[in-house]
Amino acid sequence: MRPGYTRFPIAFALLLGTADAAWAETQVEVAAELESLMAQYGFQMDREHLDATRQAQGRADGVDLLPRLNTLLEGFDYVIVQGPQGVERVLILGAKAPYSAPPPAATEEAPQSDPPPTEPETKAEIVLESQRKGTSHALALTLEGDNGQRVPRVLLLDTGADFVVLPASLISQLGIRPGALRSQRVQTANGAVEAKLGTLAALWLGDQRVPRVEAAFIDDSRLGGNSLLGMSVLGRFRVTIDDEQNRVVLSGQ
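Residues numbered from 1 in each chain as written. Predicted model: local features only at pLDDT ≥ 70, side-chain atom pairs only at ≥ 80, totals over all residues. Heavy atoms only, no water.

1. Some remarks on the nonpolar core
Part 1: Grouped together as the largest cluster of nonpolar side chains are 31 residues, with contacts concentrated most on Leu203, Leu205 and Leu229.
Part 2: Sort the elements by how many residues they give to this core and strand β12 (residues 208-218) lands first, with four residues.
Part 3: Once you skip the residues sitting within four places of it in the chain, Leu205 turns out to touch Ile126, Leu128, Leu141, Val210, Val233, Phe237 and Leu250.
Part 4: Core analysis: the second largest hydrophobic core is formed by 21 residues, Leu34, Ala60, Leu69 and Tyr78 among them. (Core = buried A, V, L, I, M, F, W, Y, C linked by side-chain atoms within 4.5 Å. Buried < 20%, exposed > 50% of the residue type's maximum accessible area, 1.4 Å probe, protein only. Helix = DSSP H or I, 4+ residues; strand = E, 2+ residues; numbered from the N terminus. Contact = heavy atoms within 4.5 Å.)

What follows is the structure, given as structure tokens:
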């Protein structure tokens, strides 16, 4: 996990005239299309990120840059950095792999209870105001524990983190039983540390409830007061960060 390093998906576009409409949904080579768009729009990509798309095919569809990039790169995890002039940088994180929740840890048999309420469908788009902490973006979110307790918390976006990372002092406050957690060493920017892995009942993105979120609880002194919003949540969405407006947009995959 790399606190302070932010990843997000991107979007891009090729201007099409009316006469090009029949071509708009054709398959193209992703790397070649990205190179063409970089020349046209002036955004930047590292060579290694561009090379990660070679041999891949994508759909050329859309007129505006962001929707076009989203369509072209729908087979990848990616990041868009936007500034006052539009898209400034595109990061390719790798070929997209579907998120799968971890198997439940072996625990004592819990008493029978009423089934949980049906989860509402995820909104097509969730827009959240962000706070700047250096080069990172932070979101004021709400954690939901097994006891139904809701705990407000500011989390830094970090797609280098596999999990939501929280201080161990929140375990009891969230009503999580120690027997429901498993120990595992995890890698952080400050080296390998012991963590307790478990599953939050939910995490709230504004008024949108995201159920069963995998989290890593680490000793408070190791986190320096920070909590991280990692891929166990971000991997369920396409994420766009707008530096100019200080907001984060989460869209359905």
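Let us keep going from here.
2. Some remarks on the pairing of strand β9 (residues 164-167)
Part 1: Every second residue of β9 is oriented toward a common face, with Val164 and Leu166 on one face and Val165 and Pro167 on the other, all of them buried.
Part 2: Of the strand pairs in this sheet, β9 and β12 are connected by four bridges, and their pairing is parallel. Looking across to β12, one finds that Val164 is bridged to Ala215. (Pairing = 2+ DSSP bridges.)

3. Quick look at the pattern of salt bridges
Part 1: The tally for this structure, following the rule as stated, stands at twelve salt bridges.
Part 2: Measuring nitrogen to oxygen at the nearest pair gives 3.0 Å for the salt bridge that ties Glu74 to Arg59. Taken as a pair, Glu74 in the loop between α3 (65-72) and β3 (76-83) and Arg59 in strand β2 (residues 57-59) lie far apart in primary sequence, 15 residues in all.
Part 3: In this structure Arg59 comes out as partly exposed when scored by relative accessible area, which is 29%.
Part 4: Here Glu144 ties to Arg209 by a salt bridge, and the two come within 2.9 Å at their closest N and O atoms. Separated by 65 residues along the polypeptide, Glu144 in strand β7 (residues 136-144) and Arg209 in strand β12 bring together distant segments of the chain.
Part 5: The exposure class of Arg209 is buried, given its relative accessible area of 18%.
Part 6: Beyond isolated ion pairs, a larger network of salt bridges with shared partners links Glu35, Arg47, Asp51 and Arg54. (Salt bridge = Lys/Arg side-chain N within 4 Å of Asp/Glu carboxyl O.)

4. Remarks on the pairing of strand β14 (residues 237-242)
Part 1: β14 sits mainly inside the fold: six of its six residues count as buried.
Part 2: Alternating residues of β14 divide into Phe237, Val239 and Ile241 and Arg238, Thr240 and Asp242, and every residue in both groups is buried.
Part 3: Bridge analysis of β14 against strand β15 (residues 247-252) gives six bridges, and the strand direction is antiparallel. If you follow Ile241 over to β15, its bridge partner there is Val248.
Part 4: Hairpin connection, β14 to β15: the antiparallel pair is bridged by four residues, and Asn246 has positive phi, about 50 degrees.

5. Things to note about helix α1 (residues 30-41)
Part 1: Here α1 contains twelve residues, and its C-alpha end-to-end distance of 16 Å stays within 8% of the 16 Å for a straight helix at 1.5 Å per residue.
Part 2: Those residues of α1 lying buried are Val30, Ala31, Glu33, Leu34, Leu37 and Met38. In an axial view of α1, the angular spread of the buried residues amounts to 160 degrees, which keeps them on one side of the axis.
Part 3: One or two steps after α1, the chain reaches Gly42, where phi turns positive at roughly 85 degrees. (Expected span 1.5 Å × (residues − 1). Arc of directions from axis to C-beta.)

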